[in-house]
Amino acid sequence: MLSRTADHLFWLSRYIERAENTARMLDIAYQTSLQPQSADASAQTWRSLLSISELNGLYGARYPAIDGRSVMEFMVADENNLSSIFNCLRAARENARAVRGSLTTEVWETMNQTWLEFRRLLREGALARDPSALFEWVKYRSHLSRGVTVGTMLQDEAFHFIRIGSFLERADNTARLLDVKFYRQEQSQGGPDAARDFYYWSAVLRSVSGFEIYRKVYSNVIQPDKVAELLILRPDMPRSLSHCMTRMLANLKRVANPQSAETLRRAGRLEAALAYGRIDEILATGLHPFLDGFLADVADLGGAISKDFLA
């Protein structure tokens, strides 16, 4: 496969996954903002959302204060924010158009229709009218795109590069979410509050569709260390770091070439650390350093994949 084609396929899937992840986090932040809370707590919720995507500086340069409506506008429809849902869906569609011949008709039509429909929804004021409905629509279109890809494409190199991009982006997002949320909880003021903690960690789990999974796996009250274990080490949790790296490595092996041995070694080492890791050891050495190291490894791995395979 031409490296330019592989590059478009890799980034097509990353942008779709990024749009979904952004919609998930915005939806939970919006739902949380509807609950009774202080102005400081509300601002902190939206500030942490910007921190996850490392957008505090760009947001601060464009908006005078942090409030829910401004953050949602910035992360959904702002054309100057390259990580906005608007730009992610546009980039996904443009990458799909560039490799139209490598996709099935169903995949291309899904990507194209998603972009055209999203622009129409923004023009009609869907974000201001019902943010949650718009976020659910973005998640649904991402699910549809993923399902159509798995259900209609030949599982050749094109398919594997799409899957590599999806799992790499998902792992990066889950790690960022955990890092920011755990740090914020550690820095929160006040003594223990069981009700507050329950809603806080429930929101974190719901943002990765993990609330029902947590209750099924642990059959217990929500505890931060168990949340970390579920989202880092559980191989059967679809959005966990372990699951993402296992699936990414499996697809990477299918497109291996003579110059990718070092990249495969790095991916395998990262996958093995998660497969054989223990949450008590991770927490003992510090969750923040662990997640910082993981994010650096994922960025390094993405760069290595680009060097070995992509334009």
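Residues numbered from 1 in each chain as written. Predicted model: local features only at pLDDT ≥ 70, side-chain atom pairs only at ≥ 80, totals over all residues. Heavy atoms only, no water.

### What to know about helix H8 (residues 131-152)
Phase 1: Helix length check: H8, at 22 residues, gives a terminal C-alpha distance of 31 Å against a target of 32 Å (1.5 Å per residue), a fit within 8%.
Phase 2: Looking at H8, one finds that the buried residues are Pro 131, Ser 132, Leu 134, Phe 135, Trp 137, Val 138, Lys 139, Arg 141, Ser 142, Ser 145, Val 148 and Thr 149. (Helix = DSSP H or I, 4+ residues; strand = E, 2+ residues; numbered from the N terminus. Expected span 1.5 Å × (residues − 1). Buried < 20%, exposed > 50% of the residue type's maximum accessible area, 1.4 Å probe, protein only.)

### Concerning the side chain of Ser 142
Phase 1: The topology assignment puts Ser 142 in helix H8.
Phase 2: Its relative accessible area of 3% is what places Ser 142 among the buried residues.
Phase 3: When sequence neighbours within four positions are dropped, the list of residues in contact with Ser 142 reads Ile 16 and Glu 20. (Contact = heavy atoms within 4.5 Å.)

### As for the pattern of salt bridges
Phase 1: Applying the stated rule across the entire model yields 23 salt bridges.
Phase 2: In this structure, Glu 17 engages Arg 239 in a salt bridge whose closest nitrogen and oxygen atoms are separated by 2.7 Å. Of this pair, Glu 17 sits in helix H1 (residues 3-33) while Arg 239 is found in the loop between helix H12 (224-232) and helix H13 (241-254), placing the two residues 222 residues apart along the sequence.
Phase 3: On the basis of relative accessibility, which here comes to 1%, the residue Glu 17 falls in the buried class.
Phase 4: For Glu 169, the salt bridge is made with Arg 18, and the minimal N-O distance between the two is 2.9 Å. Residue Glu 169 is found in helix H9 (residues 157-187), and its partner Arg 18 is found in helix H1; the two are separated by 151 residues along the sequence. Residue Glu 169 shares its accessibility class with Arg 18, and that shared class is buried. (Salt bridge = Lys/Arg side-chain N within 4 Å of Asp/Glu carboxyl O.)

### Remarks on the nonpolar core
Phase 1: With 96 residues, the main nonpolar core has Ile 232, Met 248 and Ile 305 as its most contacted residues.
Phase 2: In terms of residue count, the dominant contributor to this core is H9 (13 residues). (Core = buried A, V, L, I, M, F, W, Y, C linked by side-chain atoms within 4.5 Å.)

### Considering the packing of helix H4 (residues 68-76) against H8
Phase 1: The interhelical angle for the contact between H4 and H8, taken along N-to-C directions, is 25°, at an axis separation of 13 Å. One way to sum up the angle between H4 and H8 is to call them roughly parallel. Between H4 and H8 the crossing geometry is left-handed. Across the interface between the two elements, Arg 69, Met 72 and Val 76 of H4 pack against Pro 131, Leu 134 and Phe 135 of H8. (Axes fitted to C-alpha atoms, helices over the stretch in contact; angles between N-to-C directions. Parallel < 35°, antiparallel > 145°, perpendicular 65-115°, else oblique. Left-handed = near helix turned anticlockwise from the far one by under 90°.)

### Topic: the state of the cysteines
Phase 1: On inspection of all chains with the given rule, the structure shows 0 disulfides.
Phase 2: Here Cys 88 stays free of any disulfide, with the sulfur of Cys 244 as its closest cysteine sulfur at 17 Å.
Phase 3: Assessed through its relative accessible area of 0%, Cys 88 is described here as buried. (Disulfide = S-S within 2.5 Å.)

### What to know about the side chain of Arg 239
Phase 1: Under the relative-accessibility criterion, Arg 239 is labelled buried at 6%.
Phase 2: Within the structure, Arg 239 has its side chain in polar contact with the side chain of Asn 21 (distance 2.6 Å).
Phase 3: Leaving out residues up to four positions away in the same chain, Arg 239 has contacts with Glu 17, Glu 20, Asn 21, Arg 24, Arg 170, Thr 174, Val 208, Leu 231 and Cys 244. (Polar contact = N/O pair within 3.5 Å; in protein donor to acceptor, adjacent residues only side chain to side chain.)

### Brief notes about the packing of H13 against helix H14 (residues 261-275)
Phase 1: At a minimum axis distance of 9 Å, the contact between H13 and H14 shows a crossing angle of 150°. Taken together, H13 and H14 sit at an angle that is classed as roughly antiparallel. Here H13 and H14 pass one another in a crossing that is left-handed. Here H13 contributes Leu 241, Ser 242, Met 245, Thr 246, Met 248, Leu 249, Leu 252 and Lys 253 to the contact with H14, which in turn contributes Thr 263, Leu 264, Ala 267, Gly 268, Leu 270, Glu 271, Leu 274 and Ala 275.
Phase 2: Grouping the constituent residues of the contact of H13 with H14 by class yields 10 nonpolar, 4 polar and 2 charged. (Nonpolar A, V, L, I, M, F, W, Y, C, P; charged D, E, K, R; others polar.)

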